[in-house]
Amino acid sequence: MCGIVGYIGKRDCSDVLMDGLEKLEYRGYDSAGIAVFENGSIKTVKTRGKLACMKAKLDNEGKPLGCCGIGHTRWATHGEPSDINSHPHSNGRVTIVHNGIIENYAELKDFLKEKGYVFLSQTDSEVVACLLDYYYSERNPLKAITETVKELRGSFALGILFKDFPDRIYAVRKASPLIVGKGDGEFFIASDIPAFLKYTKEYILLDDDEIVCMENGKAQFFNVHGIEVSKEVHTAEWDVEQAQKQGFPHYMLKEIHEQPDVADKTLKAVIKNGVPDFSDAGFTDDIMRSIKKVFVVACGTSMHAGIIARYAVEKLARIPVTVETASEFRYMDPIVGKDDLVILISQSGETADTKAGLELAKEKGAKTLAIVNVKYSAIARAADMCINTLAGPEIAVASTKAYTVQIAVLYLIAFRMAFANGNITEEELKALTKEIEKAPDAIRNILKKEDECRFIASRLVNVEKLFFIGRGFDYALSLEGSLKLKEITYIHSDAYAAGELKHGTISLIEEGVPVITIATQESVLPKTISNMEEVKARGATVIALARKGTKFAENTVDILFEIDTELPDMLTPLATVCGLQLIAYYTSVLRGIDPDKPRNLAKSVTTE
Ligand code: M6R
């Protein structure tokens, strides 16, 4: 949450910062600001509202002219979105941008007030500026940072300017992401790689409490004791184009359409000689055989991917699986131990609750496996084993392609665990692998049905509430379909196991309430059809997503969306999800909402 950027080099800093903030706007968009050294003094421009408001302000007031500065796009935690609460914050001789939460800000604020500091904003971040100023008594920036960091509890990524040191940037992080981009005689800091991908693919990861000082085409790194450390330079595998809209009106639509390719890429990366092979990640057959129980710990869409995994692993590998939302897992004192595998799923690899779940699992001695989309992210680095999904940068707040590649990997894990545990033969393993290799084509077929999705969206645009139902894998997918729709359309939506509806929720069904039914699972189809008839009898508008050729009694279905695929029932979510994503996308657009930036949300949830 919140995006921070910084630049030092020879370019027009304001332009570079605004460019970077545009790429990071998915992290928060209730206000934005920049601070740039202009002729030796810091000039700050900031405002409430999306980045467009900031651009307008810079056009009106003139942009700061200089080659060194920091910027911020905010997702409010402490204090409402307002001009005054926007970053950068300055107090005394220090100007900062901050991503994270300072948990002990209230006590620090009291302490600093006693020392005579006056606070202008309601943010926790301003406390950091004051504390840095307080410890800057010897006019030693590095000392001020190391002393300050020792006092802070919580999470932070900070870009820092000291007024006495023009054209120098410091940055430090703990439990919030921050990457240093290394160009030709220039350096960048950013919460995420796309912010500087246009200028360089080379980057350096900061570990917790590490500090970087950038000046005169040089970057020096220090640990929390102020001792210089050397760092490895990585090269990003993402391309600039991947982080752009490429002619699509929204990132979300572009990312939905990338799914055939990214699914293909992700599958190919883990299928070797016709079977899934995770030995590169250290996830060997021996480890798979040693596992008594699997926990999947994740949030939101990634957690929904975990529910698909539960059905697949239990069905094929016959190993019990529990799926827990990470925010519960971390505080529930779970019964997890050394014979258990805890799978952490995260697109960003930096979700605070999922990261805490990982730490807890490690403390309890469980084996941990991360499935992440961002290479070298915090979760990727902390887990015992890690599988990288290859969705490329996902910028839209609503997760689409990341989910599809997550479930592709999870199916492959289920296949391999089934084989390792002797539940299926090598021939069966190869046959299942061949089936999942059809997924990219199956997705392509669904994406051709965009007009049908737009039509369904036109029927949802004015409704107040709706429901998703399904059984088995279709139920797991209903949860994701419902989340996708509600987060970007603001229509209240809930998902239920189809058989559960009559235990209470059916009282909400009345004339015209849409019930989106996913009915692709042959083994439970008659049961699902009965549930559709039950809601139809109470006036629901039934929208069915079913395999091509599925027969329904007359008047059971109002709108039929056919899933034309050769995928076996278990794997249909890989294709069906794309229809649900497109329906959500078009409903959002028809309601006049920006699906890339739904209200109150941010892409990376680095606070609990
Ligand atoms: O980066 P993560 O996968 O850990 O993020 C988890 C959730 O915050 C995320 O999936 C969220 O639910 C999305 N907005 C859903 O579209």
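Residues numbered from 1 in each chain as written. Predicted model: local features only at pLDDT ≥ 70, side-chain atom pairs only at ≥ 80, totals over all residues. Heavy atoms only, no water.

Let's hear about the pairing of strand 9 (residues 179–182): which residues, and what values?
Examined bridge by bridge, strand 9 and strand 10 (residues 187–190) share four bridges and lie antiparallel to one another. Bridge assignment links Ile179 to a residue of strand 10, and that residue is Ala190. Between strand 9 and strand 10, which pair antiparallel and follow one another directly, the connecting turn spans four residues, one of which, Gly185, has a positive phi of 70°. Looking at chain direction, strand 9 and strand 11 (residues 202–205) are connected through three bridges and run antiparallel. Directly across from Ile179, in strand 11, lies its bridge partner Leu205. (Pairing = 2+ DSSP bridges. Helix = DSSP H or I, 4+ residues; strand = E, 2+ residues; numbered from the N terminus.)

Pulling in residues and values, what's your account of the packing of helix 15 (residues 439–447) against helix 19 (residues 573–590)?
Helix packing geometry: the angle between the two helix axes and the distance between the axes. Where helix 15 meets helix 19, the axes come as close as 8 Å, and the angle between the chain directions of the two elements is 30°. With respect to their mutual orientation, helix 15 and helix 19 come out roughly parallel. Regarding helix 15 and helix 19, the two cross each other, and that crossing is right-handed. Residue-level contacts link Ala439, Ala442, Ile443, Ile446 and Leu447 of helix 15 to Leu574, Ala575, Cys578, Gly579 and Leu582 of helix 19. For the contact of helix 15 with helix 19, the per-class residue count stands at nine nonpolar, one polar and no charged. (Axes fitted to C-alpha atoms, helices over the stretch in contact; angles between N-to-C directions. Parallel < 35°, antiparallel > 145°, perpendicular 65-115°, else oblique. Left-handed = near helix turned anticlockwise from the far one by under 90°. Contact = heavy atoms within 4.5 Å. Nonpolar A, V, L, I, M, F, W, Y, C, P; charged D, E, K, R; others polar.)

Can you break down the domain arrangement of the chain residue by residue, with the values?
Looking at the assigned domains, one finds that the chain contains domain 1 (3–243), domain 2 (248–437) and domain 3 (443–591). On a C-alpha basis, the centroid separation for the pair domain 1 and domain 2 is 33 Å. Contact residues are listed per partner, giving 17 residues for domain 1 and 13 residues for domain 2. Counting the surface lost from both domain 1 and domain 2, the interface buries some 1400 Å², and carbon and sulfur atoms represent 53% of this. Looking only at domain 1, the three residues that lose the most surface to domain 2 are Tyr26, Trp238 and Gln242, adding up to 38% of its buried area. The closest approach of N and O atoms between Asp207 and Arg381, which form a salt bridge, is 2.8 Å. Taken together, the links from domain 1 to domain 2 amount to three residue pairs in polar contact (both at pLDDT 80 or more). In terms of residue class, the side of domain 1 that touches domain 2 is made up of nine nonpolar, two polar and six charged. (Domains from an automatic or database assignment. Buried area = accessible area lost by both parts, 1.4 Å probe. Salt bridge = Lys/Arg side-chain N within 4 Å of Asp/Glu carboxyl O. Polar contact = N/O pair within 3.5 Å; in protein donor to acceptor, adjacent residues only side chain to side chain.)

Explain the site of the ligand to me, and be specific about the residues and the numbers.
Taken together, 15 residues surround the ligand, and among them Ser302, Ser346, Gln347, Thr351 and Glu487 come closest. Between the ligand and Ser348 there is a distance of 2.7 Å, counted from an oxygen atom to a side-chain nitrogen or oxygen. Here an oxygen atom of the ligand sits 2.8 Å away from a polar atom, N or O, in the side chain of Lys484. Taking 410 Å² as the accessible area of the ligand by itself, protein coverage stands at 91%. Secondary structure elements with two or more residues in the shell around the ligand: helix 9 (300–317) and helix 17 (473–489). Broken down by class, the residue content of the shell around the ligand amounts to five nonpolar, eight polar and two charged. No fewer than three residues from each of domain 2 (248–437) and domain 3 (443–591) sit in the shell around the ligand. (Near = heavy atom within 4 Å. Areas by Shrake-Rupley, 256 points an atom, 1.4 Å probe, with all protein chains shown as cover.)

Any chance you could break down the nonpolar core for me, citing the residues and the numbers?
In terms of nonpolar packing, the biggest core is built from 126 residues, with Phe283, Tyr411, Ile413, Phe415 and Met417 touching the most fellow members. For this core, the element with the highest residue contribution is helix 13 (residues 401–420), accounting for 13 residues. Ignoring sequence-local partners within four residues, the contact set of Tyr411 consists of Ile308, Ala312, Ile436, Phe473, Met570, Leu571, Pro573 and Leu574. If you look at the next biggest cluster of nonpolar residues, it comprises 30 residues, including Tyr135, Leu142, Ala144 and Ile145. (Core = buried A, V, L, I, M, F, W, Y, C linked by side-chain atoms within 4.5 Å. Buried < 20%, exposed > 50% of the residue type's maximum accessible area, 1.4 Å probe, protein only.)

Describe the side chain of Arg74, naming the residues involved and giving the relevant values.
Tracing the backbone shows Arg74 in strand 4 (residues 68–74). A polar atom in the side chain of Arg74 sits 2.9 Å from the backbone oxygen of His78. There is a polar contact of 2.9 Å between the side chain of Arg74 and the backbone oxygen of Gly79.

So what about the pairing of strand 13 (residues 218–222)? Which residues, and what values?
Taken together, the five bridges between strand 12 (residues 211–215) and strand 13 define a ladder with antiparallel strand orientation. By the bridge assignment, Val212 is partnered in strand 13 with Phe221. Between strand 12 and strand 13, which pair antiparallel and follow one another directly, the connecting turn spans two residues, one of which, Asn216, has a positive phi of 50°. As judged from the two bridges shared by strand 13 and strand 14 (residues 228–229), these two strands associate in the antiparallel manner. Residue pairing for strand 14: Phe221 is matched across the bridge by Val229. Hairpin connection from strand 13 to strand 14: five residues lie between these consecutive antiparallel strands, with Gly226 at a positive phi of about 85°.

Before we move on, can you summarise the packing of aromatic side chains with the specific residues and values?
What the rule picks out here adds up to 13 aromatic pairs. Considering the side-chain rings of Tyr134 and Tyr135, the 5.1 Å spacing of their centres and the 70° angle between planes classify their relative orientation as edge-to-face. Residue Tyr134 is classed as partly exposed on the basis of its relative accessible area, which comes to 29%. Ring centres of Tyr585 and Tyr586 lie 4.9 Å apart, and the angle between their planes is 80°; on these two criteria the pair is classed as edge-to-face. Taken individually, Tyr585 and Tyr586 each receive the classification buried, so the pair is uniform in this respect. Members of the aromatic cluster, each reached through a chain of ring pairs, are Tyr7, Phe188, Phe196 and Tyr199. (Phe/Tyr/Trp six-rings, centres within 6.5 Å; stacked < 30°, edge-to-face > 60°.)

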